[in-house]
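Here's the letter readout for the chains.
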Amino acid sequence: MKNILKKSIYTIATLYISFAIISCESDFTDIDTNVISNTKFTTNDLLLEVNATNSPLAQLQTDNISRQINQYLLGVYASADYEKISASIVSQLAIESNLQVVDASDITDTTTVLTKIDTVFLKLPYPVSLEDVSNANSNFEFDGLVGNATTPYSLNVFRSNTYLNNFNPSDPTKINSYHSKDEFEKIGAPLNVETDYPFSPSLNDTMFVVKRRMIDNTVVGRDTIKIFSSSASDNPIPFARVPLNEDIFQQLFLDKYEDEAFGSQASFNDYFRGIILEASGNDGSLITYNFNTSNASLNPSIEVYYTNTVYKIGTTDTIKTVRKNNSFLLSGYRVNTFDMVDKTYPNNNEIKIQGAAGSEGSLTMLDATTLNNLRSNDWLINDASLTFYINQSADTASVPERLYLYKTNGAISNPVLSQVEDAVSEAAFGGINGFLERDSDGKAEKYTFKITDYISDLALGLTDYNPTLKIKVFNTSDVPTTDTIFRNLSWNPRAVTLFNQDPINGDKKAVLKISYSEKK
């Protein structure tokens, strides 16, 4: 009986589809690259007003406790047209298991072992890409650097005294969260050898030679430090190296390797609560670093190199030297802090869009009267697009390659954020688009969003939810995955100035264009 029922349903469905195709073929006389000619419908365009205003951000949640965030922004960037940003990072450190300064095999009744720290440094592998992707040995270029790499900013590395707790101390039943404006307590002076270390990213920093020394500073060897994207590559990845205070790490780390503080990761997190990479200065550059690549050597870390010299007891006779290295990945819980110099933007003919915790655009359209008119016309919505032109007289040095739209119910506290329908329904075809378009001279010209399904659902009365839309700098985390919830994250600091709906903008004013078909 079930098989008969299934077969009947399939037969009916096939007949229905066949009838629908025949009916469409009788109506339309020509189909060619999305242009439909027919004798029963006419196609027209409707241009509608929108209202776009500035919507500055106060702060963003920037921790990885309840969400997977693996990229963090570090550096300083200033532009006269946008908010100056100083981005810093707070992170726990991961420890290796069974840390020992001296190997057990070197400890005997007839030996003495003396340890000399060769160097301690913060390692920051740069995110880079090949200039020529067809040549694995071609030069690298920075991937996503904003600002001027030759202008140094000040970088200081501090020991943090703030315990990064995954549960909310005020209500342990809730997951904790940290935000871009949070402050973290420091312990003592900077850990870096040179206070206010002048940090200037360079693609030439592809290797470092560690001189291995005995306790009397006699050089007994050299290690050349290079990192590679894979074991098959011989093209070294550039990385930053910030020298750290050897005496402090001797005291805080090596001298305590076999103490309870290093007995477990939990004990260590309580003893050494993390480090703060603090960027400051008037200007410089910003880079988004990846903290969770599959190749551990490409993740930021603190590197400790030291040499053990094994002597015959009671003499200066050297039996052997042992070169050692311990890596402490910047792992566990992390937070990105953004020190944004607030700007008050004028209420004029433009809106400012800036990533990180800068500024978004607030967009309203289709008021009740306009929406009722759309519904009463019984149109078939073929296409709906929002276009925003760029003010090319503003700073366009770091324009985003893409902008994004999301919906908000407008609540001041705990707003409900969601994806625009097309971001999900058209995901295989670019979603809502919003990609940067350039003019014939190569200048950044405009962004166009495709929101056909969103407008069609409203026009057909399938939904009455017509909330405020927000325009933001696109972040890779914006793309919907398994649901329609929008999670507002941003480590993309780029910025752009858009023209709004003011008539003074002429044919470059923001507009909603609806293409529709109606019966003749």
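These numbers come from a predicted model, not from an experiment.

About the criteria used
Residues numbered from 1 in each chain as written. Predicted model: local features only at pLDDT ≥ 70, side-chain atom pairs only at ≥ 80, totals over all residues. Heavy atoms only, no water. Pairing = 2+ DSSP bridges. Helix = DSSP H or I, 4+ residues; strand = E, 2+ residues; numbered from the N terminus. Axes fitted to C-alpha atoms, helices over the stretch in contact; angles between N-to-C directions. Contact = heavy atoms within 4.5 Å. Core = buried A, V, L, I, M, F, W, Y, C linked by side-chain atoms within 4.5 Å. Buried < 20%, exposed > 50% of the residue type's maximum accessible area, 1.4 Å probe, protein only. Phe/Tyr/Trp six-rings, centres within 6.5 Å; stacked < 30°, edge-to-face > 60°. Lys NZ or Arg CZ within 6 Å of the ring centre and 35° of its normal.

## Let's talk about the sheet that holds strand 28 (residues 433-438)
Here's step 1: Taken in spatial order, the 5 strands line up as 3-32-25-29-28 in an open sheet, and their pairing is antiparallel. In the strand order of this sheet, the two ends are held by strand 3 (41-48) and strand 28, each with one partner. Strand-to-strand twist in this sheet, taken as the mean axis angle between neighbours without regard to direction, amounts to 20°.
Here's step 2: Taken together, the 5 bridges between strand 25 (residues 380-389) and strand 29 (residues 444-450) define a ladder with antiparallel strand orientation. Pairing of Tyr389 across the sheet is with Lys446, part of strand 29.
Here's step 3: Helix 6 (residues 452-459) rests against strand 25, strand 29 and strand 32 (511-519) of the sheet, and its axis sits at about 125° to strand 25.

## Re the nonpolar core
Here's step 1: Formed by 59 residues in total, the largest nonpolar core has its most connected members in Phe199, Phe253, Leu277, Ile302 and Phe328.
Here's step 2: With 5 residues, strand 7 (residues 111-125) is the single largest residue contributor to this core.
Here's step 3: With residues near it in sequence (within four places) discarded, Phe199 still touches Leu124, Tyr126, Thr151, Pro152, Tyr153, Leu155, Ala240, Val242 and Tyr289.

## Quick look at the pairing of strand 31 (residues 495-499)
Here's step 1: The buried count for strand 31 comes to 5 of 5 residues, which makes it a mostly enclosed element.
Here's step 2: Neither face of strand 31 is open: one carries Ala495, Thr497 and Phe499, the other Val496 and Leu498, and all of them are buried.
Here's step 3: When strand 23 (residues 350-354) meets strand 31, the two strands line up antiparallel, connected through 5 bridges. Bridge pairing in strand 31 places Gln354 opposite Ala495.

## Considerations on the side chain of Asp118
Here's step 1: Mapped onto the secondary structure, Asp118 falls in strand 7.
Here's step 2: Look at Asp118 and you get buried, because its relative accessible area is 11%.
Here's step 3: With near-sequence residues (within four places) excluded, Asp118 lies in contact with Val210, Lys211, Arg212, Arg213, Glu246, Tyr305, Tyr306 and Thr307.

## A look at the packing of aromatic side chains
Centre-to-centre distance and the angle between the planes together describe a pair of aromatic rings.
Here's step 1: Applying the stated criterion across every chain, the model contains 22 aromatic pairs.
Here's step 2: Ring centres of Phe253 and Phe268 lie 5.9 Å apart, and the angle between their planes is 85°; this geometry places the pair in the edge-to-face category. Within this pair, whereas Phe253 is found in the loop between helix 2 (246-252) and helix 3 (265-271), its partner Phe268 is found in helix 3, the two being separated by 15 residues in sequence. Like Phe268, Phe253 is buried.
Here's step 3: Seen in terms of ring centroids, Phe253 and Phe328 are 4.9 Å apart; in terms of plane orientation they differ by 85°. Their pairing is edge-to-face. With a gap of 75 residues between them, Phe253 in the loop between helix 2 and helix 3 and Phe328 in strand 22 (residues 318-340) connect regions that are remote in the sequence.
Here's step 4: Exposure remark for Phe328: the relative accessible area of 0% places this residue in the buried category.
Here's step 5: When the ring centre of Tyr271 is taken as origin, the NZ or CZ atom of Arg159, which lies over that ring, is 5.3 Å away.
Here's step 6: Residue placement shows Arg241 over the ring face of Phe208; its charged tip is 3.6 Å from the ring centre.

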